[in-house]
Amino acid sequence: MLQNFINNQIRDSYELKKTILNNSELTNLIKVVSELAVNVYKKGNKTLIAGNGGSAADAQHIAGEFVSRFYFDRPGLPSIALTTDTSILTAIGNDYGYEELFARQIQANGVEGDMFIGISTSGNSKNVIRALEECKKKKIITVGLTGDTGGKMFDLCDYCIKVPSNETPRIQESHILIGHIICAVVEEAIFRKGF
């Protein structure tokens, strides 16, 4: 019984990734966003990434791949996970409220031409939505990683990559896959002049 449960978890993850692979519209959108990220870095800009809970961990994971390395040794690329500085997070939370957590950091650190990646399985995280609104004011490119509907983020993002699932764990697994693809494309295009 336990083995079947484990096998079903793996199978569900595998089936969702097959669905993504066979959705040319979705894979093309991942390609477009990856190419935009390459251009952001070629122009000397940076990525800013945010989410809550598991999505906060994904934001840190993706930023870490950009700043450190992914497949091979190369110079670091500027990327900030807006989920990591406890003094900043608690100051904003205390002074302005949790909804302003990311918007305030974008106001402080974001510049025109940067890329913001907002991660929310529901697409309705209020602090990510506020961040998207702040990005519009600063002409920052906005990318959403969401679940099936895109939630409220769908209409606020320049590009919304909607994972075709309503199951949070499966969506999160696919978000990190998509983040890895973007990192791999950026690294290859900038440092090996691929594609």
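Note: the structure precedes this text.
For the structure given in this document, a descriptive report is provided here. (Residues numbered from 1 in each chain as written. Predicted model: local features only at pLDDT ≥ 70, side-chain atom pairs only at ≥ 80, totals over all residues. Heavy atoms only, no water.)

1. Topic: the overall build of the protein
Consideration 1: If you tally the helices and strands in the protein, you get seven helices and five strands.
Consideration 2: Going residue by residue from the N terminus, the α and β elements of the protein occur as α-α-β-α-β-α-α-β-α-β-β-α.
Consideration 3: Relative to the compact-globule value of 16 Å for 195 residues, the protein shows a C-alpha radius of gyration of 17 Å, a close match.
Consideration 4: By its C-alpha atoms, the protein is 50 × 40 × 30 Å across when sized along the principal axes.
Consideration 5: For the protein, buried positions account for 45% of its 195 residues.
Consideration 6: Put simply, 68% of the contacts in the protein that link residues at least 6 apart link residues at least 24 apart.
Consideration 7: With an accessible surface of roughly 9800 Å², the protein has 52% of that area assigned to carbon and sulfur atoms.
Consideration 8: The positive charge centre, built from 21 side chains, and the negative charge centre, built from 22, are 4 Å apart in the protein. (Helix = DSSP H or I, 4+ residues; strand = E, 2+ residues; numbered from the N terminus. Rg over C-alpha atoms; globule rule 2.2 N^0.38 Å. Buried < 20%, exposed > 50% of the residue type's maximum accessible area, 1.4 Å probe, protein only. Contact = heavy atoms within 4.5 Å. Areas by Shrake-Rupley, 256 points an atom, 1.4 Å probe, with all protein chains shown as cover. Lys, Arg positive; Asp, Glu negative; His and termini not counted. Charge placed at Lys NZ, Arg CZ, Asp CG, Glu CD.)

2. Details of the pattern of salt bridges
Consideration 1: One pass over the full model with this rule turns up 12 salt bridges.
Consideration 2: Taking the shortest distance from any N to any O, the salt bridge between lysine 31 and glutamate 35 comes out at 3.4 Å. Of this pair, lysine 31 and glutamate 35 both sit in helix α2 (residues 24–42), separated by four residues, roughly a single helical turn.
Consideration 3: Assessed through its relative accessible area of 45%, lysine 31 is described here as partly exposed.
Consideration 4: Across the pair arginine 192 and glutamate 188 runs a salt bridge, and its minimum N-O distance is 3.7 Å.
Consideration 5: One connected set of salt bridges, linked through shared partners, spans Glu100, Arg130, Glu133, Glu134 and Lys137. (Salt bridge = Lys/Arg side-chain N within 4 Å of Asp/Glu carboxyl O.)

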